[in-house]
Amino acid sequence: MSLTLRFIREFLRSPGSVGAIWPSSPALARTIVHVANVADARYVLEIGPGNGAFTGEILDRLRAGAKFVAVEKSPDLARTVAKRFPAARIVAGCATDLAAHLDGAPDSVVSGLPWAVFGASLQDAILGQITSAMSQDGTFATFAYFGPHRLKAGRAFRSKLDAHFRDIRRTPVVVSNFPPAFVYFCRR
Ligand SMILES: C[S@@+](CC[C@H](N)C(=O)[O-])C[C@H]1O[C@@H](n2cnc3c(N)ncnc32)[C@H](O)[C@@H]1O
C-alpha cells in the first residue's frame, strides 16, 4: 500500500487524531524545517510525523552528531515511518507524555499535530509538555491551514501560542500544499 493511502486509511480510522486527509507537501516540509532551524540544531524532536512528510526533510538537514526523535501516536504510522527511515529513532507514543521519550532538551521542535481538531485542554497539555521539554534557546514550529486560521478555533489556537511562547511569527502561505498552509515559529 502506498504511503499516501496508508495515511488516508489512518485518517478514516481516527479523524480526530490524524486531522488531515492528505499528507503535507515537500514545499511545506522545506518551509517548516527551514524556520525550525533544523540545520543548526543539536537535538530535533518531531511530533506527529504521520507518514514522514517532514521526517525525510529533517533527516536530510540534520547536522552530523545531532540527535533526532519522532513521537507518533498511531502505532501503524510509527511503524511506517520507522520502516521508511530505519536509522532514525521513531517512537510510538503520545505528545502528552513527551518527557518519557526524550533524553535531553530538544532545541528544535517540529510539529505536524492537527491542533484544530484538539480540544482546548489537550492543546494546553501538549503545549505545556513542549515548553517544559525544550531548551531555553529552543524553537517550536507548527503549521496551520490558511483560511481556517481565521475561524474561532484557529484564533483560539493562536491565543494559546501567545500564552505559551513570547515570540511568535509566521511564514508566507505555502500555496503548493493541500490545503494551503503557513508555519508558526515560536520561541520560549
Ligand atoms: C495532520 S497529521 C500530519 C502528519 C505529517 N506531519 C504531515 O504533515 O503530513 C497529524 C499526525 O499527528 C499524529 N498525532 C495526533 N495526536 C498525537 C499525539 N497526541 N501525539 C503524537 N502524535 C499525534 C497523528 O497520528 C498524525 O500522524
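Conventions adopted
- Residues numbered from 1 in each chain as written.
- Predicted model: local features only at pLDDT ≥ 70, side-chain atom pairs only at ≥ 80, totals over all residues.
- Buried ≥ 20, exposed ≤ 12 C-beta atoms within 10 Å, placed from the backbone.
- Helix = DSSP H or I, 4+ residues; strand = E, 2+ residues; numbered from the N terminus.
- Contact = placed C-beta atoms within 7 Å.
- Near = placed C-beta within 6 Å.
- Nonpolar A, V, L, I, M, F, W, Y, C, P; charged D, E, K, R; others polar.
- Pairing = 2+ DSSP bridges.
- Axes fitted to C-alpha atoms, helices over the stretch in contact; angles between N-to-C directions.
- Parallel < 35°, antiparallel > 145°, perpendicular 65-115°, else oblique.
- Left-handed = near helix turned anticlockwise from the far one by under 90°.

Novice: Sorry if this is basic, but what is going on with helix α3 (residues 26–35) here?
Specialist: Within α3, the full set of buried residues consists of Leu28, Ala29, Thr31, Ile32 and Val33. Of the surrounding secondary structure, the elements contacted by the buried residues of α3 are α4 (55–61), β4 (108–111), β5 (139–145) and β7 (181–187). With its phi angle positive at about 60°, Asn37 sits one or two positions after the end of α3.

Novice: Mind showing me how you'd approach the site of the ligand here?
Specialist: Ser24, Gly48, Gly50, Ala53 and Gly112 are the nearest of the 23 residues found near the ligand. For the shell around the ligand, the elements supplying multiple residues, two or more each, are α2 (15–18) and β2 (67–72). When its residues are assigned to classes, the shell around the ligand shows 13 nonpolar, 8 polar and 2 charged.

Novice: I would appreciate a short explanation of the sheet that holds strand β3 (residues 90–92) in the present structure.
Specialist: The strands making up a sheet associate through hydrogen bonds between their backbones, and the pairing can be parallel or antiparallel. Sheet architecture is open: 7 strands sit in the order β3-β2-β1-β4-β5-β7-β6, paired in mixed fashion. Lying at the two open borders of the sheet, with one neighbouring strand each, are β3 and β6 (167–170). The sheet shows a mean angle of 20° between the axes of neighbouring strands, direction not considered. Relative to β2, strand β1 (residues 43–47) runs parallel, the two being bridged by 5 bridges. Pairing of Glu46 across the sheet is with Ala70, part of β2.

Novice: Quick question: what am I supposed to make of unusual backbone geometry here?
Specialist: Cis geometry is found at the peptide bond from Phe178 to Pro179, where omega equals -10°. For Pro179, the position within the fold is in the loop between β6 and β7. In this structure, Asn37 takes a positive phi of about 60° despite not being glycine. Note that Asn37 resides in the loop between α3 and β1. Under the C-beta neighbour-count criterion, Asn37 is labelled partly exposed, with 18 such atoms within 10 Å.

Novice: I keep staring at the packing of helix α6 (residues 120–133) against helix α7 (residues 152–164) and nothing clicks. Help me out?
Specialist: To describe two helices that pack against each other, one gives the angle between their axes and the distance between the axes. Contact pair α6 / α7: the axes reach a minimum separation of 11 Å and the direction vectors enclose 30°. By the angle between their axes, α6 is roughly parallel relative to α7. Like other packed secondary-structure pairs, α6 and α7 cross with a definite hand, here right-handed. Packed against α6, whose contacting residues are Ala120, Gln123, Asp124, Leu127 and Thr131, the element α7 presents Ala156, Phe157, Lys160 and His164 at the interface.

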